[in-house]
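# Chains, contacts and geometry: an overview
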Amino acid sequence: MSEKPVVLISESIYDKGKSIFDSADRIQIKRVPPDEKSLSSKLKSTQAVAAVLGVEKYIDTLYQSMPNNGLIARFGVGYDGIDLHQIKSNNLVLTNTPEVLDTTVAELTVFMAAELLRKSGKYTARMKSGIWNSTPGMDLSGKTWGIIGLGNIGLQLSKILHFGFGVRVIGLKRDLSNAEELKETYGTSQIFSDFDELAKQADILSLHLPANQHTHHFINNEKLAKMKTDSFLVNTGRGSLVDEIALYNVLHQGKLGGAALDVYENEPYIPMHPEKDFRNLDNVVLTPHIGSYTHECTDRMAKRVLQNIYCFLDGKYEEMDLVVNNSI
Ligand code: GLV
């Protein structure tokens with residue numbers, strides 16, 4: 001009987017999808033620390049055909065250590081940690097797990113905004129120390145919410161906000177051609193191609209753009225200055241979308257109502273400047289990159305990863321979530 005093909009899975013990802021990965025009977029799974037050096041040496045020593053990776057950044061030896069036509073399977077949707085040039089020059093295939101996390105990330109985005117508006121976390125802490133007092137919060141219903149990036153997650157969020165909470169949803173998008181369809185299906189009432197116009201109206205603004213060189217520091221000093229001074233920013237996309245020093249400054253100076261952040265320029269979070277630490281501010285809500293991290297969603301992502309690996313082994317490329325296919 002021939003040996004089952006070896007697939008490397010970065011340790012933290014294996015733990016997230018353990019029950020699904022343990023049920024995989026067509027492959028031999030080997031767990032590896034997520035750093036590039038460990039992965040690269042294990043790829044060579046095991047002759048693995050595929051590597052399942054998380055959000056970490058891989059810049060160098062990983063790619064040359066993959067076999068020709070090998071598969072890099074992202075457990076998740078963003079692939080900003082992967083060097084697409086290296087994928088191409090080393091004849092590799094790259095997949096991700098789209099759609100299965102849209103609702104989960106959209107839900108967290110709403111929950112984080114809810115925390116900014118009603119502060120249940122802060123009240124819980126106060127109640128636990130015996131304090132019974134409160135100041136008024138704010139309704140979500142009736143607010144205008146600007147969605148930056150109307151991809152799968154942005155549109156799912158729009159649907160939840162409009163049809164579930166009665167929010168007026170507006171969105172930013174270069175191409176305005178399907179505005180009517182977006183309004184009907186997702187409740188996005190108005191599409192703007194200009195950030196300043198959208199920012200003038202938004203009470204809450206959330207980011208759902210892919211991270212790349214064009215979107216780096218999308219939210220910067222200039223854009224923050226265009227936002228309403230009592231508005232909120234929610235980022236469940238990627239840390240690099242926001243210039244954290246610029247955001248800290250406006251929050252500290254009271255020029256923005258508040259911010260909810262699930263993703264950071266440095267993960268685990270280290271402030272970009274030691275004196276500009278979000279943890280010292282009152283008007284922020286912080287979570288440790290948990291956008292897609294629910295039991296249900298990690299199971300769905302693990303299943304999707306396995307499906308991509310099996311299709312890859314069977315040569316069924318058309319059934320895979322291909323980001324790039326440079327196999328030859
Ligand atoms: C998580 O951040 C992902 O890219 O899926």
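Above this text is the structure in question.
I will try to describe carefully the structure that is included in this document. (Residues numbered from 1 in each chain as written. Predicted model: local features only at pLDDT ≥ 70, side-chain atom pairs only at ≥ 80, totals over all residues. Heavy atoms only, no water.)

All buried positions along helix α3 (residues 36-46) are accounted for by Glu36, Leu39, Ser40, Leu43 and Thr46. Summarising the axial view, the buried residues of α3 lie within an arc of 155°, below the 170-degree limit, and thus occupy one face. Opposite its buried face, α3 presents the exposed residues Lys37, Lys44 and Ser45, each directed more than 90 degrees away. Where α3 is buried, its residues touch β1 (6-10), β2 (28-32), β3 (50-53) and α4 (61-65). (Buried < 20%, exposed > 50% of the residue type's maximum accessible area, 1.4 Å probe, protein only. Helix = DSSP H or I, 4+ residues; strand = E, 2+ residues; numbered from the N terminus. Arc of directions from axis to C-beta. Contact = heavy atoms within 4.5 Å.)

The next point concerns the site of the ligand. Near the ligand you find Val55, Arg74, Gly76, Val77, Gly78, Leu101, Arg238 and His289, and these make up its full shell. At a separation of 2.8 Å, an oxygen atom of the ligand approaches a polar side-chain atom of His289. When isolated, the ligand has an accessible area of 190 Å², and the protein chains bury 88% of it. Considered class by class, the residues forming the shell around the ligand number three nonpolar, three polar and two charged. (Near = heavy atom within 4 Å. Polar contact = N/O pair within 3.5 Å; in protein donor to acceptor, adjacent residues only side chain to side chain. Areas by Shrake-Rupley, 256 points an atom, 1.4 Å probe, with all protein chains shown as cover. Nonpolar A, V, L, I, M, F, W, Y, C, P; charged D, E, K, R; others polar.)

This paragraph deals with the nonpolar core. Formed by 31 residues in total, the largest nonpolar core has its most connected members in Leu205, Leu233 and Leu247. Elements represented by at least two residues in this core include exactly β7 (168-172), α10 (195-201), β9 (204-207), α12 (244-252) and β11 (258-261). Among the elements that make up this core, the one with the highest residue count is α12 (five residues). Setting aside its immediate chain neighbours within four residues, Leu205 contacts Trp145, Gly146, Ile148, Phe195, Leu198, Ile219, Met227, Phe232, Leu233 and Val234. Counting 28 residues, the second largest nonpolar core, distinct from the first, contains Val7, Met301, Ile309 and Tyr310. (Core = buried A, V, L, I, M, F, W, Y, C linked by side-chain atoms within 4.5 Å.)

Quick look at the layout of surface pockets now. Roughly 340 Å³ of internal volume is contained in the second largest pocket. Considering the residues around the second largest pocket, the lining is formed by Ile148, Gly149, Leu150, Leu172, Lys173, Arg174, Asp175, Ser193, Leu209, His214, Thr215 and Phe218. Taken together, the residues of the lining of the second largest pocket break down into five nonpolar, four polar and three charged. (1 Å grid on protein atoms, 1.4 Å probe; cavity = no way out; pocket = protein on both sides within 12 Å on 5 of 7 lines; lining within 4 Å. Points joined across faces, edges and corners; volume = space filled by probe spheres on them.)

Let's shift gears to the side chain of Asp277. With respect to the helices, strands and loops of the structure, Asp277 is situated in the loop between β11 and β12 (284-286). The exposure class of Asp277 is buried, given its relative accessible area of 9%. Sequence-distant contacts of Asp277, defined by excluding residues within four places in its chain, comprise Tyr248, Tyr269 and Pro271.

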